[in-house]
Structures are given as C-alpha cells and as structure tokens.
Amino acid sequence: MTVLVTGGTGFIGSHTVVELLKEKHNVIIMDNLCNSKLEALHRIEQISGQKVPFYQVDMLDKEGVTRIFEENKIDAVIHFAGLKAVGESVTIPLKYYHNNITGTLTLCEVMAQYGVKKIVFSSSATVYGMNNQPPYVEDMPTSATNPYGYTKVMLEQILTDLHTADPEWSVSLLRYFNPIGAHESGLIGEDPNGIPNNLLPYVSQVAIGKLPCLSVYGNDYDTPDGTGVRDYIHVVDLAKGHIKALNYLMGRTGVEIFNLGTGKGTSVLEIVAAFEKASGKKVNYKIVGRRAGDIASCYADASRAKKLLGWVAEKNIDDMCRDGWNFISKNPNGL
Ligand code: WQD
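Within each chain, residues carry numbers counting from 1 in the order of the written sequence. Per-residue local features of the predicted model are confined to residues with pLDDT of at least 70, and side-chain atom pairs are confined, for both listing and counting, to 80 or more; whole-chain, interface and lining totals are unaffected and use all residues. The side-chain quantities take in all heavy atoms of the structure and omit both hydrogens and water.

**Focus on the overall build of the chain**
For the purposes of this entry, the term helix denotes a DSSP run of H or I that reaches at least four residues, the term strand denotes a run of E that reaches at least two, and both are numbered from the N terminus. For the chain, the helix and strand inventory stands at eleven helices and 14 strands. Against the 2.2 N^0.38 benchmark of 20 Å for 335 residues, the chain shows a C-alpha radius of gyration of 19 Å, consistent with a compact globule. Across its three principal directions, the C-alpha atoms of the chain cover 55 × 45 × 40 Å. Each residue is assigned to one of three classes by its accessible area relative to the maximum for its type, calculated with a 1.4 Å probe on protein chains only: buried under 20%, partly exposed between the two thresholds, exposed over 50%. Here the chain, with 335 residues, has 56% of them falling under the buried criterion. Throughout, a residue-residue contact means that at least one pair of heavy atoms, one from each residue, lies within 4.5 Å. Of all intrachain contacts in the chain linking residues separated by at least 6 positions in sequence, the fraction that spans at least 24 positions is 79%. Here, Shrake-Rupley sampling with a 1.4 Å probe gives the accessible areas, and only protein chains in the shown set may cover a residue. Total accessible area computed for the chain in this model is approximately 14,200 Å², and 50% of it derives from carbon and sulfur atoms. All radius of gyration figures rest on C-alpha atoms, and the globule criterion is 2.2 Å times the number of residues raised to 0.38.

**Here's the deal with the site of the ligand**
Here a residue is near a molecule or strand as soon as one of its heavy atoms is found within 4 Å of it. With respect to spatial proximity, 18 residues lie near the ligand, and among them Tyr148, Leu199, Ser215, Arg230 and Asp294 are the closest. Here Asn198 contributes a side-chain N or O atom positioned 3.0 Å from an oxygen atom of the ligand. The definition of a polar contact used here is a pair of N or O atoms within 3.5 Å, where within protein one atom must be able to donate a hydrogen and the other to accept one, and adjacent residues in sequence count solely through side-chain atom pairs. Arg230 is positioned such that a nitrogen or oxygen atom in its side chain is 2.7 Å from an oxygen atom of the ligand. Within the complex, 89% of the 680 Å² of free accessible area of the ligand lies under protein. With four residues, the top contributor of residues to the shell around the ligand is strand β8 (residues 214-217). Considered class by class, the residues forming the shell around the ligand number eight nonpolar, seven polar and three charged. Under the scheme applied here, ten amino acids are nonpolar (Ala, Val, Leu, Ile, Met, Phe, Trp, Tyr, Cys and Pro), four are charged (Asp, Glu, Lys and Arg), and all others, including Gly, are polar.

**Considerations on the environment of Arg175**
Mapped onto the elements, Arg175 comes out in strand β6 (residues 170-176). Take Arg175: its relative accessible area is 2%, and that puts it in the buried class. Sequence separation between Arg175 and Leu260 is 85 residues; the distance between their C-alpha atoms is 5.9 Å. Sequence-distant contacts of Arg175, defined by excluding residues within four places in its chain, comprise Ser123, Ser124, Ala125, Val127, Tyr128, Glu138, Thr142, Glu156, Ile257, Phe258, Asn259 and Leu260. Separated by 3.1 Å, the side chain of Arg175 and the backbone oxygen of Glu138 make a polar contact.

Without other data, these values stay purely geometric and don't point to any function.
Below is the structure:
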C-alpha cells in the first residue's frame, strides 16, 4: 500500500514510517520541517535501508499538497502534521487554529479530489479534558482547556462529519497518551526545539547535564506520591498501533476512535527514578507549584484497541527509559 505520512520527520511520525517500511508499505513523507529536521529522514533511511520520497510541503500550501497527489498514487494518509505545544497554543491561538484546522481541511479537500478517503488521524488524550475520570473510554464526552486541545476536539468532529456527508470515508481517530522512548538503534527519538515542555525530554537533558534541575510541577495531587500520573507509552508501541489502525480501515468505511495507551499510570517521581536507573545518572529535581491546566491523573482504558485492532502496548517504563537514554546519550545535541 502507498501511504502518505504528513509530519513524517517528527517524533511519532518518523517511528511510524520505520514501522510502515518494515511492513513493506511504500511511504511518502510530507513535512514542513517547522518542528523537525531533515536529518530525521536520513536516519529513517539508514534504519530501513531504503530511500523515502520526501516533500518539504506545508499542509496550508494547497498547490504543494496537490502536487504530491498528482505525482503519486496514494492509498491512505496517516496525518501527524500539526502544532502541538499546549502552552504555546494559549499565546498564539490563531496560528494554532489556522495551521491545524485549515491545514487539515486543505489536506482532506485534496484527498477527496483524488479519491483518497482513508485517513488515520493523530488525536490526543487531551480531548478527555478535565471532567472525565480515568481510565478514559472512547465514548466519554470530549472537551479541552487550551487551543491545542480544541484543535484536536474540532478535527475529530470535522472528520466524523466528513464521513457522515460521504460514507465512503474511512477514518481512524487515534488518541495518544504520553509517547516517550526511542527506536532501539538510538538513531531517531524525541528531539524538541529549545527548552522541552514535556517531562521525558526535560529529564533526559538534566541527566546528560544540559539542564541543571527538573521542576516537578506539584506534589499535592490526589495520587500515590502526590505527583502527576500519566499513561506513558513507548513510541514504537504507538507506531505499531498506527499500522494496526491502517490495516483496520482498509476494506471498511466508517469512523472509529481508539485509545493508544498502556492502561497503566506512572507518576513523575516514578519516572525520575526509572530514568536514573536506566541512565546511571542522578536527576536533580525540586518541587514547585502546579502547572496551569495540568490534571492529577490521565490513563487509558485500551480495551477497544485490543479487541478491534488486536493491538496491545508491549514495552514497559524501563524499556522506555532505556531507549530514551540510549537516544539522548548518542545525540546529546539532538539530530
Ligand atoms: C507529564 C507530567 C507534568 C514537565 C502533554 C499534552 C498532550 C501530549 C503530551 C501532544 C505532568 C509533569 C512535566 C516538567 C513536570 N502532547 N512535568 N515537570 O502534560 O501529560 O501532556 O504532552 O499531544 O496533549 O497535554 O505531558 O510531559 O508535559 O507532563 O513535573 O518539566 O510531568 O505536570 O504531570 P502532559 P508532560
């Protein structure tokens, strides 16, 4: 099958491309490189031993997107491209709504024009908002607390409405929990620009001495050790979930939502301890106030993905920290 992967040089996108190539799919990558580097493409090719057609195209560039569909017979799209920093989305909401919403509308218009009506969409557990209690189940009501989260809520609705209007569409909405870790080669991994917002890249940079100390955002939550609990999932498990979702939507139409998580919660301090064990390094930290918008606990009920996709996350926290440490110790300054 020929699959267009938007955002394919990003953290989850690059790992998914590697898995697609392993499954003998033909892959085309479209990425504007606003939050990733061309080196990721070279690393993907090094891991897979294959050249991968790459288009440096922004999803808002309708002519550029059209050219990709004109030049390639595409069977399905896995759509990762999008801005995803929660805090940043609060400061520049118009950029987030325009990029993520208008960009996806442009992509879907071109897909429909070329009769490509199969899409796996990168959604997020953030759509469960503040009013649901974990473990989260796919039919719970969605909401958001920031523009980034609202783009995911809205795009899930838009893709659902697209199928309602044209039942030939086949849509998989994948709600990621907290992806961490890296490919076992250490050639690709999480490589954020600037000071990391997320826990694991921050912990990693403290461990290699690039940052002095981790700020733990609150230890007064109603959790076993008072620090925030999340459902961390190995990025390779997450990538394999996309392959299962792609296979699921081929040969059928409709819209399906899947949680891609382990179903287990791990606290910030448990992550710190696991990373120290994996790296053999001390991770200095201090307890500070809660971060605005954070919730105490977030973890998945992953039974629907197991039942319908035959997918279960296989790697544990030690695997995630080992592989994450392997990547950053081989790439201390990123790709
Ligand atoms: C995890 C835990 C923090 C940093 C976000 C997005 C979500 C998805 C994943 C895109 C929390 C604590 C963190 C730090 C800390 N992104 N923490 N010190 O907030 O669960 O999810 O990223 O899809 O949509 O919302 O991930 O890694 O930022 O935080 O104590 O320096 O670590 O409070 O408990 P989060 P995170």
